[in-house]
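Here is how the chains run, residue by residue.
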Amino acid sequence: TFTRADIEAMMREGARGTPGGIDLFSLFNQPADWEGARNPLLQLPHWRSPADGYKATALSAPGERYLAARYSHDTRKKLRRKEKRLCELGALRHLRARDADQARMILAAFTAQKSARMKEKRLDDTFGSAAAREFLARVAIEPLERGQEPAVELHALMLDGRVVATLAGARAGGRFSGMFNSFVADADISRNSPGDLLVAKVLAEKCDEGLTTFDLGVGDARYKRT
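Residues numbered from 1 in each chain as written. Predicted model: local features only at pLDDT ≥ 70, side-chain atom pairs only at ≥ 80, totals over all residues. Heavy atoms only, no water.

Caption draft 1: Molecular detail of the overall build of the protein chain. Within the protein chain one finds eight helices and eight strands. Summarising its shape, the C-alpha atoms of the protein chain cover approximately 65 × 45 × 40 Å along the three principal directions. Across the 226 residues that make up the protein chain, the buried fraction comes to 35%. Across the protein chain, contacts joining residues at least 24 apart in sequence account for 65% of those joining residues at least 6 apart. Accessible area of the protein chain: about 13900 Å², with a carbon and sulfur share of 52%. Both charge centroids of the protein chain, one from 37 positive and one from 30 negative side chains, sit 5 Å from each other. (Helix = DSSP H or I, 4+ residues; strand = E, 2+ residues; numbered from the N terminus. Buried < 20%, exposed > 50% of the residue type's maximum accessible area, 1.4 Å probe, protein only. Contact = heavy atoms within 4.5 Å. Areas by Shrake-Rupley, 256 points an atom, 1.4 Å probe, with all protein chains shown as cover. Lys, Arg positive; Asp, Glu negative; His and termini not counted. Charge placed at Lys NZ, Arg CZ, Asp CG, Glu CD.)

Caption draft 2: Structural detail: a positive patch on the surface. A surface patch of like charges, here positive, comprises Lys77, Lys78, Arg80, Arg81, Arg85 and Arg191. The topology assignment puts arginine 80 in helix α3 (residues 73-87). The partly exposed category is assigned to arginine 80, whose relative accessible area is 49%. (Patch = residues over 30% accessible without salt bridge, like charges linked within 9 Å, V, L, I, M, F, W, Y side chains within 5 Å. Salt bridge = Lys/Arg side-chain N within 4 Å of Asp/Glu carboxyl O.)

Caption draft 3: Region of the structure containing the sheet that holds strand β4 (residues 92-96). Taken in spatial order, the six strands make up an open sheet running β3-β8-β7-β6-β5-β4, and their pairing is mixed. At either margin of the open sheet sits one strand with a lone partner, and together these are β3 (53-57) and β4. On average, each strand axis in the sheet is inclined to that of its neighbour by 25°, with strand direction left out of account. Sheet topology places β3 next to strand β8 (residues 213-218); five bridges connect them, and they run antiparallel. (Pairing = 2+ DSSP bridges. Axes fitted to C-alpha atoms, helices over the stretch in contact; angles between N-to-C directions.)

Caption draft 4: Molecular detail of the packing of α3 against helix α7 (residues 194-208). Contact geometry of α3 with α7 gives a least axis separation of 10 Å together with a crossing angle of 110°. In this view, α3 runs roughly perpendicular relative to α7, as classed from their interaxial angle. As α3 runs across α7, the sense of the crossing is left-handed. Taking contact as the criterion, the partners of Leu79, Lys82, Glu83 and Leu86 in α3 are, on α7, Pro194, Asp196, Leu197 and Lys201. When its residues are assigned to classes, the contact of α3 with α7 shows four nonpolar, no polar and four charged. (Parallel < 35°, antiparallel > 145°, perpendicular 65-115°, else oblique. Left-handed = near helix turned anticlockwise from the far one by under 90°. Nonpolar A, V, L, I, M, F, W, Y, C, P; charged D, E, K, R; others polar.)

Caption draft 5: Broad picture of the environment of glutamine 30. Along the chain, glutamine 30 falls in the loop between α1 (4-16) and β1 (33-34). Using a relative accessible area of 41% as the deciding quantity, one classes glutamine 30 as partly exposed. Among all residues touching glutamine 30, those that are not within four sequence positions of it are Asn39 and Leu41. At a separation of 3.3 Å, a polar atom in the side chain of glutamine 30 contacts the side chain of asparagine 39. (Polar contact = N/O pair within 3.5 Å; in protein donor to acceptor, adjacent residues only side chain to side chain.)

In structure tokens:
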């Protein structure tokens with residue numbers, strides 16, 4: 001167990017041992033706890049992040065039972081109603097990319113959906129750069145071409161063969177960490193929350209696969225609070 005004095009002594013030692021010295025330690029995005037362990041740096045002067053991190057823990061199988069226990073009755077009812085409305089528009093299914101062609105299809109849909117969303121909000125399209133596309137191909141497509149598990153899983157909600165929502169994430173140590181997501185802008189589809197439906201389906205899948213934590217990361221969003 002580290003005390004505040006221990007931490008301050010370690011930082012002073014590090015500052016003295018660094019060529020030129022260190023005048024300031026500025027630590028950002030520190031988790032308050034991790035896997036049940038409290039962050040000892042909270043003993044130092046600090047302030048809360050403007051946005052929390054969101055995760056579901058103690059996942060258990062079967063996934064549908066876990067969802068029933070964690071989602072409120074009203075939320076479950078709304079999701080069922082929205083899924084029924086989407087099913088009226090066509091065949092609806094959850095797809096996880098198992099080969100390179102599926103991964104390319106999901107990434108192409110994500111890039112187009114995210115680009116349209118960023119343009120609507122007048123924000124920079126971070127994922128539209130050549131470097132971002134190259135990185136995503138390297139971690140999500142190329143491993144599948146070699147017959148290996150990808151570093152980043154790609155999931156999609158399909159409506160009559162069309163990708164209407166995406167969710168990507170990495171898994172390690174029993175944890176699935178969501179990295180990015182998107183959904184189509186079409187009003188008749190987006191009003192039925194395809195992104196929320198996909199999150200629920202992926203969460204249920206991770207329960208059934210034996211994972212213990214479903215992490216959606218830092219940043220406030222309604223679907224994370226749900």
